[in-house]
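Now for the letters of each chain:
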Amino acid sequence: MTTPPTFAAPHKRIFSGVQPTGNLHLGNYLGAIRNWVTLQEGNECIYCMVDLHAITVQQDPAALRSNTREVAASLLAAGIDPKASIVFVQSQVPQHAELGWIFNCVARIGWLNRMTQFKEKAGKNRENATVGLYVYPNLMAADILVYRATHVPVGDDQRQHLELCRDIAQSFNSQYGVDYFPLAEPVIMGTATRVMSLRDGSAKMSKSDASDYTRINLVDPPDLIAQKVRKARTDPDPIPGDPAGLEARLEAKNLVGIYAALADKTPADVLREFDGAQFSKFKESLADLAIAKLSPITTEMRRLLADPGYVDGVLKDGAQRARAIAEPILKEAQDIVGFLRA
Ligand code: TRP
């Protein structure tokens, strides 16, 4: 018996991924992007546009390319610093797919069969879903572990995928008798806000909702933001003085939540401030606040999108730095598995 190799423990490293689906909205900003910006402070952060994941469902090639740039531009515009953090496109770092294959040979069909996102995305006609959609969680585990990342900021809907990532790491480690891949933890940020549709307080704000008036897009001009806020659904009652008064008033609760997130306050603070006010007045303040917070981002995004060469250059530099980390980790994983070194 040879003694198993030992490896230095991985240090704290943050990784997260976003689908390059374009048309980012307030929900993406308050729920994810803003937290990614905050996490940069004092942490090593790696942020990835996951185009390999995007093609698990059909994509128009030209749209995929422009959406990838657009999402990158919005991250930069929102304050992700591409010098401090690594911002890159998944397909430009082939190590993700290579480790993904190894993980396809670690994860069990039974584990994947439990994934709720696959069931939702595959819908009724599961036989017709791509194999890529089925093994999506294995690739996601590879995204994280090819950097031996320890912390992953994600929304609540990704918890199950992150559990699978830990199962894969644990199973790989025990199968090969090593302590190599960390059990990455979700970072569910206290400030993350679940932003709901402006028309239906029980549905998440979504880029795929047929009505554009359900969401505020990061590219919306100020007058459109104001109009969408004004037309947002509410109820006839005035603003209550405390959070208990928002129970069962989903639309009201959503607007107050958005205001609080944008103002960096708690909903209780906001309710104290607007106690007894009519929604028409509250909406005016909310529109002003949303415009004040979003328009610098929108302006910067437009500037960046007018200069695709610059954005592509940032991404190319990011991919280079990402590869420099991922390459030796993939090599070690391949050694552990027993592949003959080239
Ligand atoms: N599945 C994630 C989502 O839909 C995106 C993603 C892909 C991701 N790879 C990742 C998130 C790795 C965190 C870490 O939002």
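Residues numbered from 1 in each chain as written. Predicted model: local features only at pLDDT ≥ 70, side-chain atom pairs only at ≥ 80, totals over all residues. Heavy atoms only, no water.

### Some thoughts on the overall build of the chain
Right, so step 1: What the chain contains, in helices and strands, is 13 helices and five strands.
Right, so step 2: Taking 2.2 N^0.38 as the reference for a compact globule, 342 residues should give roughly 20 Å; the C-alpha atoms of the chain span a radius of gyration of 22 Å, in line with that estimate.
Right, so step 3: In terms of overall dimensions, the chain has C-alpha extents of about 75 × 45 × 40 Å along its principal axes.
Right, so step 4: Counting over 342 residues, the chain shows a buried share of 48%.
Right, so step 5: When contacts within the chain are restricted to residue pairs at least 6 apart in sequence, those whose partners lie at least 24 apart make up 77%.
Right, so step 6: When the accessible surface of the chain is summed, it comes to about 16500 Å², and 53% of that surface belongs to carbon and sulfur atoms.
Right, so step 7: For the chain, the distance from the average site of its 38 positive side-chain charges to the average site of its 39 negative ones is 2 Å. (Helix = DSSP H or I, 4+ residues; strand = E, 2+ residues; numbered from the N terminus. Rg over C-alpha atoms; globule rule 2.2 N^0.38 Å. Buried < 20%, exposed > 50% of the residue type's maximum accessible area, 1.4 Å probe, protein only. Contact = heavy atoms within 4.5 Å. Areas by Shrake-Rupley, 256 points an atom, 1.4 Å probe, with all protein chains shown as cover. Lys, Arg positive; Asp, Glu negative; His and termini not counted. Charge placed at Lys NZ, Arg CZ, Asp CG, Glu CD.)

### Section: the packing of aromatic side chains
Right, so step 1: All chains considered together, the criterion is met by 14 aromatic pairs.
Right, so step 2: Between F172 and Y176, the aromatic rings sit 4.9 Å apart at their centres with planes inclined by 50°, giving tilted as the arrangement. Of the two residues, F172 and Y176 both sit in helix α8 (residues 159-176), four residues apart, roughly one turn of that helix.
Right, so step 3: Relative accessible area serves as the criterion here: at 0%, F172 is assigned to the buried category.
Right, so step 4: Look at F279 and F282: their rings are 5.8 Å apart centre to centre, the planes differ by 85°, and that puts the pair in the edge-to-face class. Of the two residues, F279 and F282 both sit in helix α12 (residues 279-305), three residues apart, roughly one turn of that helix. Like F279, the residue F282 is buried in the burial classification.
Right, so step 5: Among the aromatic side chains, those forming a connected cluster through ring pairs are F7, F103, F172, Y176, Y180 and F181.
Right, so step 6: The ring of Y180 has R148 lying over it, and the distance from NZ or CZ to the ring centre is 4.1 Å. (Phe/Tyr/Trp six-rings, centres within 6.5 Å; stacked < 30°, edge-to-face > 60°. Lys NZ or Arg CZ within 6 Å of the ring centre and 35° of its normal.)

### Some points on the site of the ligand
Right, so step 1: Taken together, F15, S16, G17, V50, H53, Y136, M140, D143, I144, V152, V154 and Q158 make up all the residues around the ligand.
Right, so step 2: Between Y136 and the ligand, the recorded distance is 2.7 Å, taken from a side-chain N or O atom to a nitrogen atom.
Right, so step 3: Contact distances for the ligand include 2.7 Å between a nitrogen atom and a side-chain N or O atom of D143.
Right, so step 4: For the ligand, the accessible surface in isolation is 360 Å², of which the surrounding protein chains cover 89%.
Right, so step 5: At the level of elements, β1 (14-18) and α7 (131-145) are the ones that each hand at least two residues to the shell around the ligand.
Right, so step 6: Examining the composition of the shell around the ligand, we find that four residues originate from one element, α7, more than from any other.
Right, so step 7: Within the shell around the ligand, the residues separate by chemical class into seven nonpolar, four polar and one charged. (Near = heavy atom within 4 Å. Polar contact = N/O pair within 3.5 Å; in protein donor to acceptor, adjacent residues only side chain to side chain. Nonpolar A, V, L, I, M, F, W, Y, C, P; charged D, E, K, R; others polar.)

### Topic: helix α13 (residues 308-337)
Right, so step 1: Its 30 residues place the ends of α13 41 Å apart at the C-alpha level, agreeing with the 44 Å of an ideal helix rising 1.5 Å per residue.
Right, so step 2: Its maximal kink placed at R323, α13 deviates by approximately 25°.
Right, so step 3: Every buried residue of α13 is accounted for by V311, V314, L315, G318, A319, A322, I325, A326, I329, L330, A333 and I336.
Right, so step 4: Just downstream of α13, G338 is the residue with a positive phi angle, here 105°. (Expected span 1.5 Å × (residues − 1). Bend = angle between axes of the 7 residues up to and from the residue.)

### Quick look at the pairing of strand β3 (residues 86-89)
Each regular strand displays side chains that alternate between the two surfaces of the sheet.
Right, so step 1: Side-chain alternation along β3 places I86 and F88 on one buried face and V87 and V89 on a second face that is also buried.
Right, so step 2: Taken together, the four bridges between strand β2 (residues 45-49) and β3 define a ladder with parallel strand orientation. Bridge pairing in β3 links M49 to V89. (Pairing = 2+ DSSP bridges.)

### Observations regarding unusual backbone geometry
Right, so step 1: If you check the backbone angles, R148 has positive phi at about 45° while not being a glycine.
Right, so step 2: One can find R148 in the loop between α7 and β4 (151-153).
Right, so step 3: Note on R148: relative accessible area 10%, which makes it buried.
Right, so step 4: One non-glycine residue with positive phi stands out, namely D264, at about 60°.
Right, so step 5: In this fold, D264 is placed in the loop between α10 (250-263) and α11 (267-274).

### Notes on helix α4 (residues 95-104)
Right, so step 1: Burial in α4 covers these residues: Q95, H96, L99, G100, I102 and F103. Within α4, the buried residues cover an arc of 160° as seen down the axis, which keeps them to one side.
Right, so step 2: The elements touched by buried residues of α4 are β1, β2, β3, α7, α8 and α13. (Arc of directions from axis to C-beta.)

### Brief notes about the side chain of Q158
Right, so step 1: Structurally, Q158 can be placed in the loop between β4 and α8.
Right, so step 2: Within polar-contact distance, the side chain of Q158 engages the side chain of H161 at 2.9 Å.
Right, so step 3: Aside from chain neighbours lying at most four places away, what touches Q158 is Q117 and M140.

### Some thoughts on the domain arrangement of the chain
Right, so step 1: By the assigned domains, the chain splits into domain 1 (13-193 + 307-337) and domain 2 (212-302).
Right, so step 2: For domain 1 versus domain 2, the distance between C-alpha centres works out to 31 Å.
Right, so step 3: Listed as interface residues are 13 residues of domain 1 and, on the opposing side, 13 residues of domain 2.
Right, so step 4: When the buried area of domain 1 at its contact with domain 2 is split by residue, L26, Y29 and A77 rank highest and sum to 38% of it.
Right, so step 5: There are one salt bridge connecting domain 1 and domain 2.
Right, so step 6: D264 is paired through a salt bridge with R34; the nearest N and O atoms lie 3.7 Å apart.
Right, so step 7: Remark: the boundary between domain 1 and domain 2 carries three residue pairs in polar contact (both at pLDDT 80 or more).
Right, so step 8: Every element with two or more residues in the side of domain 1 that touches domain 2 is listed here: α1 (26-39) and α3 (61-78).
Right, so step 9: A total of five residues in the side of domain 1 that touches domain 2 trace back to one element, the largest contributor, which is α3. (Domains from an automatic or database assignment. Buried area = accessible area lost by both parts, 1.4 Å probe. Salt bridge = Lys/Arg side-chain N within 4 Å of Asp/Glu carboxyl O.)

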